[in-house]
Amino acid sequence: MLLFDIVGFSLHTPFEQASQLNSLSYSLNSAYNKLLARGIEINFARTTTGDGYYIWNRSLGSQANVDLFYFMMLVVADNAVARAASKGNTVPVIRTAYHIGGHYELYQAEGVNPTVFSYIVGDVTIELARMVDLAAAEQIFVGDFTTTLGEGALAHETVSTPAFIAACNRGLTAVEGTQLSSKVMSAINCRLSEHHDENGSVSPRRFRIVDKHGLNHYAFNLQLALDLEGEQMNLGLDDSQLASLGSVRDEPLTDNPEVDGEERPAASAEELFDDLASLLQKRQSRIVED
């Protein structure tokens, strides 16, 4: 599941707000069409948060998660290219989060008739909201999750976020050759920001977000690199920009879930609706590197 949030949305005029939402919606549709042209069909749905969109893939399975990740990358890239060519405040600056987790669609009734529009509800929406609430402008967060991945003999292999991102990066040749604006994307790759300790060991940098309920949420910083006919474009925050996220504490990741992160209780219905409403009124939290 994805969450795209427009930075500083309330600071713009109503005309600029409408233009930015329309521009982001165009990037969503453009990414869908670009993937479809390469044989990748995303059965995606969206619901607005007021200053952005929740996006999810109605298809299920490990490949659906990978396809949605490719979709996110193309949306971010299309938005960046459009913003570079735009004037004024018609194209938004966004911050983005990707996560895999449980959710369900809610269809409300209007009188005695069900609506044709659905809303996304579930723990994954809270995780995404917490990530985006603390993300900087243009940052891309990826949640800390485990999921199945692979086909054939490796089908249903359980992997963590770093392994999932590595697998997605290996498959990015599927979207190479996509046209962004007037240029062809000849190469694209992604990686998680890394931590180098004093012994020379390298591990992904994981950040801990403490929310208003005192619960911990974990995320990784994603970096993208594109080659547009020889022109290099880097998206997301680089390592030098991560210091602005707050106080930092480095710890290596482990394969032991009891060490790597505590079990979190399921959110109550009251917390779910409170967290959905809080997207429109951001509240202060804090973030440290775990």
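For clarity, every value in this text was computed on a predicted model and none was experimentally measured.

## Details of the overall build of the chain
Each helix and strand counted, the chain has six helices and 19 strands in total. Counting over 290 residues, the chain shows a buried share of 48%. When contacts within the chain are restricted to residue pairs at least 6 apart in sequence, long-range pairs at least 24 apart make up 69% of them. Just so you have it, the chain exposes about 14100 Å², and 50% of that area is on carbon and sulfur atoms.

## What about the environment of Val184?
By the secondary structure assignment, Val184 is in strand β13 (residues 183-192). Note: C-alpha distance between Val184 and Asp227 (43 residues apart in sequence) is 8.4 Å. Aside from chain neighbours lying at most four places away, what touches Val184 is Gly177, Thr178, Gln179, Asp227, Leu228 and Glu229.

## Digging into the nonpolar core
Of all hydrophobic cores here, the largest spans 53 residues; its most connected members are Phe4, Phe69, Phe71, Met72, Tyr98, Phe164 and Leu222. Counting residues per element, this core draws most heavily on helix α2 (residues 62-85), at 13 residues. Sequence-distant contacts of Met72, defined by excluding residues within four places in its chain, comprise Leu2, Phe4, Thr96, Tyr98, Ile140 and Leu222.

## Quick look at the packing of helix α1 (residues 14-37) against α2
Where α1 meets α2, the axes come as close as 8 Å, and the angle between the chain directions of the two elements is 130°. Judged on the interaxial angle alone, α2 and α1 are oblique. The two elements α1 and α2 cross, and the hand of that crossing is right-handed. Two secondary-structure elements touch here, α1 through Leu24, Tyr26, Ser27, Leu28, Ser30, Ala31, Tyr32, Lys34 and Leu35 and α2 through Asp67, Tyr70, Phe71, Leu74, Val75, Asp78 and Asn79. Across the contact of α1 with α2, the residue classes tally to ten nonpolar, three polar and three charged.

## Comments concerning the pattern of salt bridges
According to the stated counting rule, one finds six salt bridges in the structure shown. Between Asp211 and Arg130 there is a salt bridge, with the nearest N and O atoms lying 3.4 Å from each other. With Asp211 in the loop between β16 (206-210) and β17 (216-228) and Arg130 in helix α3 (residues 123-134), the pair connects residues that are 81 residues apart, well separated along the chain. Residue classification places Arg130 among the buried positions, given a relative accessible area of 4%.

## A look at the environment of Arg38
Here Arg38 is to be found in the loop between α1 and β2 (44-48). Residue classification places Arg38 among the partly exposed residues on the basis of a relative accessible area of 36%. Sequence-wise, Arg38 and Glu176 are 138 residues apart; in three dimensions their C-alpha atoms are separated by 9.5 Å. Sequence-distant contacts of Arg38, that is, excluding residues within four places in its chain, are made with Ala174, Val175, Glu176, Gly177 and Thr178.

## Notes on the side chain of Thr161
In this fold, Thr161 is placed in helix α4 (residues 161-170). Of note is the side chain of Thr161, whose polar atom sits 2.9 Å from the backbone nitrogen of Phe145. If we ignore the near neighbours within four places in the chain, the residues touching Thr161 are Val142, Gly143, Asp144, Phe145, Leu192 and Phe220.

## Some details on the pairing of strand β10 (residues 146-149)
Of the two faces of β10, only the one carrying Thr147 and Leu149 is buried; Thr146 and Thr148 on the other face are not. Across four bridges, the pairing between β10 and strand β11 (residues 157-160) is antiparallel. Directly across from Leu149, in β11, lies its bridge partner Glu157.

## Things to note about the environment of Phe220
Secondary-structure assignment places Phe220 in strand β17. Note on Phe220: relative accessible area 0%, which makes it buried. In the structure, Phe220 is positioned 89 residues away from Met131 in sequence and 9.6 Å away in space, judged by C-alpha atoms.

## A word on unusual backbone geometry
The phi dihedral of Glu138 is positive, around 75°, even though this residue is not glycine. Note that Glu138 resides in the loop between α3 and β9 (140-143). Of note in the backbone geometry, Glu229 takes a positive phi value of approximately 55° without being a glycine. Checked against the element boundaries, Glu229 lands in the loop between β17 and β18 (231-235). For Glu229, a relative accessible area of 51% corresponds to the exposed category.

Cut-off values and rules
- Residues numbered from 1 in each chain as written.
- Predicted model: local features only at pLDDT ≥ 70, side-chain atom pairs only at ≥ 80, totals over all residues.
- Heavy atoms only, no water.
- Helix = DSSP H or I, 4+ residues; strand = E, 2+ residues; numbered from the N terminus.
- Buried < 20%, exposed > 50% of the residue type's maximum accessible area, 1.4 Å probe, protein only.
- Contact = heavy atoms within 4.5 Å.
- Areas by Shrake-Rupley, 256 points an atom, 1.4 Å probe, with all protein chains shown as cover.
- Core = buried A, V, L, I, M, F, W, Y, C linked by side-chain atoms within 4.5 Å.
- Axes fitted to C-alpha atoms, helices over the stretch in contact; angles between N-to-C directions.
- Parallel < 35°, antiparallel > 145°, perpendicular 65-115°, else oblique.
- Left-handed = near helix turned anticlockwise from the far one by under 90°.
- Nonpolar A, V, L, I, M, F, W, Y, C, P; charged D, E, K, R; others polar.
- Salt bridge = Lys/Arg side-chain N within 4 Å of Asp/Glu carboxyl O.
- Polar contact = N/O pair within 3.5 Å; in protein donor to acceptor, adjacent residues only side chain to side chain.
- Pairing = 2+ DSSP bridges.

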